[in-house]
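Analysis of the macromolecular model
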Amino acid sequence: MTVPTQDPGVDSGYRPAGAPHTADEVRGSSIGELMRQVTSDLSTLMRQEVELAKAEIRQEGKKAGKAAGLFGGAGFGGYMVALFLSIALWAGLSNVMDAGWAALIVAVIWGAIAAVLYSMAKKNAQRVRGFKQTSDSVQRIPDALKPHPEGVTR
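Residues numbered from 1 in each chain as written. Predicted model: local features only at pLDDT ≥ 70, side-chain atom pairs only at ≥ 80, totals over all residues. Heavy atoms only, no water.

1. Notes on the overall build of the protein
The cut-off we apply is this: To qualify as a helix, a DSSP run of H or I must reach at least 4 residues; to qualify as a strand, a run of E must reach at least 2; elements of each kind are numbered from the N terminus. A 1.4 Å probe rolled over the protein chains alone gives each residue an accessible area, and that area as a share of the maximum for its type sets the label: buried under 20%, exposed over 50%, partly exposed in between. Calculation of accessible area relied on Shrake-Rupley with a 1.4 Å probe; when residues are assessed, cover is drawn exclusively from the protein chains displayed.
Summing up its helical and strand segments, the protein has four helices and zero strands in all. Each helix (α) and strand (β) of the protein, taken in turn from the N terminus, gives the series α-α-α-α. Sorting the 154 residues of the protein into buried and exposed places 20% on the buried side. Accessible area for the protein stands at about 11200 Å²; split by element, carbon and sulfur atoms hold 67% of it.

2. Here's the deal with a nonpolar patch on the surface
The cut-off we apply is this: Patches here are clusters of residues that have more than 30% relative accessible area and form no salt bridge, with a 9 Å joining cutoff for like charges and a 5 Å cutoff for nonpolar side chains (Val, Leu, Ile, Met, Phe, Trp, Tyr). Take a side-chain nitrogen of Lys or Arg and a carboxyl oxygen of Asp or Glu: if they are within 4 Å of each other, that pair is a salt bridge.
Judged by side-chain polarity, Phe-76, Tyr-79, Leu-83, Ile-87 and Trp-90 come together as a nonpolar surface patch covering roughly 540 Å² of accessible area. Within the secondary structure layout, Trp-90 lies in helix 2 (residues 31–95).

3. Here's the deal with the pattern of salt bridges
Scanning the model with the defined rule gives three salt bridges in all. In this structure, Arg-36 and Glu-33 form a salt bridge, with 2.7 Å as the shortest nitrogen-oxygen distance. Of this pair, Arg-36 and Glu-33 both sit in helix 2, separated by three residues, roughly a single helical turn.

4. What about the confidence of the model for the protein?
This is how the line gets drawn: Confidence scores labelled pLDDT are given residue by residue by the predictor and lie between 0 and 100. When checking whether two residues touch, look at their non-hydrogen atoms; a contact exists if any pair is within 4.5 Å.
Confidence along the protein averages 76 in pLDDT terms, with 73% of residues attaining 70 or more. Across the protein, helix 2 holds the top mean pLDDT of 85, while helix 4 (residues 132–139) sits lowest at 70. Contacts of residues 6–12 to residues separated by more than four positions or lying in other chains number five contacts, the stretch itself having pLDDT below 50.

Next comes the structure, spelled out in C-alpha coordinates:
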(Lines give C-alpha, C1' and ligand atoms only; values in the text may rest on other atoms or scores of the structure.)
Protein backbone atom coordinates (compact mmCIF):
# COMPACT_ATOMS: atom_id res chain seq x y z
CA MET A 1 0.00 0.00 0.00
CA THR A 2 1.33 3.43 -0.87
CA VAL A 3 0.80 6.71 0.93
CA PRO A 4 -0.31 9.78 -1.10
CA THR A 5 2.48 12.23 -1.83
CA GLN A 6 0.36 15.36 -1.31
CA ASP A 7 -2.03 16.90 1.15
CA PRO A 8 -5.52 15.41 0.90
CA GLY A 9 -6.97 18.78 -0.18
CA VAL A 10 -4.83 18.92 -3.34
CA ASP A 11 -6.15 16.73 -6.14
CA SER A 12 -4.04 17.78 -9.10
CA GLY A 13 -1.43 15.08 -8.56
CA TYR A 14 1.33 17.68 -8.92
CA ARG A 15 4.18 17.88 -6.43
CA PRO A 16 6.76 20.63 -7.06
CA ALA A 17 10.24 19.41 -7.93
CA GLY A 18 12.38 19.34 -4.83
CA ALA A 19 9.42 19.38 -2.43
CA PRO A 20 10.39 17.27 0.60
CA HIS A 21 8.65 13.99 1.31
CA THR A 22 7.82 13.10 4.89
CA ALA A 23 9.38 10.10 6.54
CA ASP A 24 5.99 8.34 6.63
CA GLU A 25 5.54 8.88 2.88
CA VAL A 26 8.95 7.37 2.17
CA ARG A 27 8.48 4.42 4.54
CA GLY A 28 5.04 3.63 3.13
CA SER A 29 6.13 3.74 -0.51
CA SER A 30 7.53 0.91 -2.57
CA ILE A 31 10.90 1.21 -4.31
CA GLY A 32 9.10 1.44 -7.64
CA GLU A 33 6.91 4.30 -6.41
CA LEU A 34 9.91 6.14 -4.98
CA MET A 35 11.80 5.73 -8.27
CA ARG A 36 8.75 6.99 -10.20
CA GLN A 37 8.60 10.06 -7.95
CA VAL A 38 12.32 10.74 -8.32
CA THR A 39 12.14 10.31 -12.10
CA SER A 40 9.09 12.55 -12.31
CA ASP A 41 10.73 15.23 -10.13
CA LEU A 42 13.95 15.11 -12.19
CA SER A 43 12.02 15.32 -15.43
CA THR A 44 10.06 18.33 -14.21
CA LEU A 45 13.23 20.00 -12.94
CA MET A 46 15.05 19.52 -16.24
CA ARG A 47 12.10 20.84 -18.27
CA GLN A 48 11.89 23.91 -16.06
CA GLU A 49 15.63 24.56 -16.37
CA VAL A 50 15.50 24.25 -20.16
CA GLU A 51 12.55 26.66 -20.37
CA LEU A 52 14.34 29.14 -18.11
CA ALA A 53 17.49 28.94 -20.24
CA LYS A 54 15.47 29.50 -23.44
CA ALA A 55 13.76 32.57 -21.97
CA GLU A 56 17.07 34.03 -20.83
CA ILE A 57 18.69 33.39 -24.21
CA ARG A 58 15.89 35.27 -25.97
CA GLN A 59 16.03 38.18 -23.53
CA GLU A 60 19.81 38.55 -23.51
CA GLY A 61 20.05 37.96 -27.27
CA LYS A 62 17.90 41.01 -27.93
CA LYS A 63 20.17 43.18 -25.77
CA ALA A 64 23.31 41.79 -27.40
CA GLY A 65 21.85 42.33 -30.89
CA LYS A 66 21.03 45.96 -30.15
CA ALA A 67 24.52 46.55 -28.73
CA ALA A 68 26.09 44.90 -31.79
CA GLY A 69 24.07 47.14 -34.11
CA LEU A 70 25.14 50.24 -32.25
CA PHE A 71 28.79 49.12 -32.30
CA GLY A 72 28.39 48.64 -36.05
CA GLY A 73 27.07 52.20 -36.34
CA ALA A 74 30.01 53.47 -34.30
CA GLY A 75 32.39 51.56 -36.57
CA PHE A 76 30.80 53.08 -39.67
CA GLY A 77 31.06 56.52 -38.03
CA GLY A 78 34.73 55.88 -37.35
CA TYR A 79 35.22 54.89 -40.96
CA MET A 80 33.57 58.11 -42.09
CA VAL A 81 35.87 60.11 -39.76
CA ALA A 82 38.92 58.53 -41.32
CA LEU A 83 37.53 59.09 -44.81
CA PHE A 84 36.67 62.74 -44.30
CA LEU A 85 39.84 63.50 -42.34
CA SER A 86 41.84 62.05 -45.20
CA ILE A 87 39.89 64.07 -47.76
CA ALA A 88 40.20 67.18 -45.57
CA LEU A 89 43.93 66.78 -45.21
CA TRP A 90 44.31 66.24 -48.93
CA ALA A 91 42.05 69.13 -49.88
CA GLY A 92 43.49 71.38 -47.18
CA LEU A 93 47.03 70.79 -48.32
CA SER A 94 46.19 71.21 -51.98
CA ASN A 95 43.84 74.17 -51.76
CA VAL A 96 44.46 75.69 -48.34
CA MET A 97 40.99 77.19 -48.66
CA ASP A 98 37.26 76.53 -48.28
CA ALA A 99 36.89 73.01 -49.70
CA GLY A 100 39.35 71.50 -47.24
CA TRP A 101 37.90 73.23 -44.20
CA ALA A 102 34.42 72.17 -45.21
CA ALA A 103 35.54 68.55 -45.37
CA LEU A 104 37.13 68.98 -41.93
CA ILE A 105 33.82 70.23 -40.48
CA VAL A 106 32.00 67.19 -41.92
CA ALA A 107 34.64 64.91 -40.38
CA VAL A 108 34.13 66.53 -36.96
CA ILE A 109 30.37 66.00 -37.25
CA TRP A 110 30.92 62.33 -38.08
CA GLY A 111 33.30 62.07 -35.13
CA ALA A 112 30.56 63.36 -32.81
CA ILE A 113 28.04 60.90 -34.26
CA ALA A 114 30.50 58.03 -33.82
CA ALA A 115 31.17 59.03 -30.19
CA VAL A 116 27.44 59.13 -29.37
CA LEU A 117 26.82 55.73 -31.02
CA TYR A 118 29.80 54.21 -29.22
CA SER A 119 28.63 55.42 -25.81
CA MET A 120 25.12 54.06 -26.48
CA ALA A 121 26.58 50.70 -27.58
CA LYS A 122 28.77 50.52 -24.49
CA LYS A 123 25.79 51.13 -22.18
CA ASN A 124 23.74 48.46 -23.95
CA ALA A 125 26.60 45.96 -23.83
CA GLN A 126 26.97 46.47 -20.07
CA ARG A 127 23.30 45.48 -19.60
CA VAL A 128 23.93 42.03 -21.11
CA ARG A 129 24.33 39.92 -17.99
CA GLY A 130 24.38 36.32 -19.17
CA PHE A 131 22.17 33.53 -17.83
CA LYS A 132 22.00 34.61 -14.21
CA GLN A 133 18.69 32.97 -13.27
CA THR A 134 19.56 29.67 -14.93
CA SER A 135 22.98 29.45 -13.28
CA ASP A 136 21.50 30.40 -9.88
CA SER A 137 18.80 27.74 -10.06
CA VAL A 138 21.14 25.04 -11.38
CA GLN A 139 23.41 25.65 -8.40
CA ARG A 140 20.47 24.86 -6.13
CA ILE A 141 20.04 21.34 -7.53
CA PRO A 142 20.50 19.04 -4.56
CA ASP A 143 23.89 17.47 -4.00
CA ALA A 144 22.19 14.07 -4.21
CA LEU A 145 22.00 14.48 -7.97
CA LYS A 146 25.72 15.18 -8.31
CA PRO A 147 28.12 12.22 -8.50
CA HIS A 148 30.22 11.42 -5.42
CA PRO A 149 32.63 8.67 -6.54
CA GLU A 150 34.46 8.53 -3.19
CA GLY A 151 31.32 7.28 -1.39
CA VAL A 152 30.42 4.61 -3.94
CA THR A 153 31.35 1.00 -3.25
CA ARG A 154 30.77 -2.00 -5.48
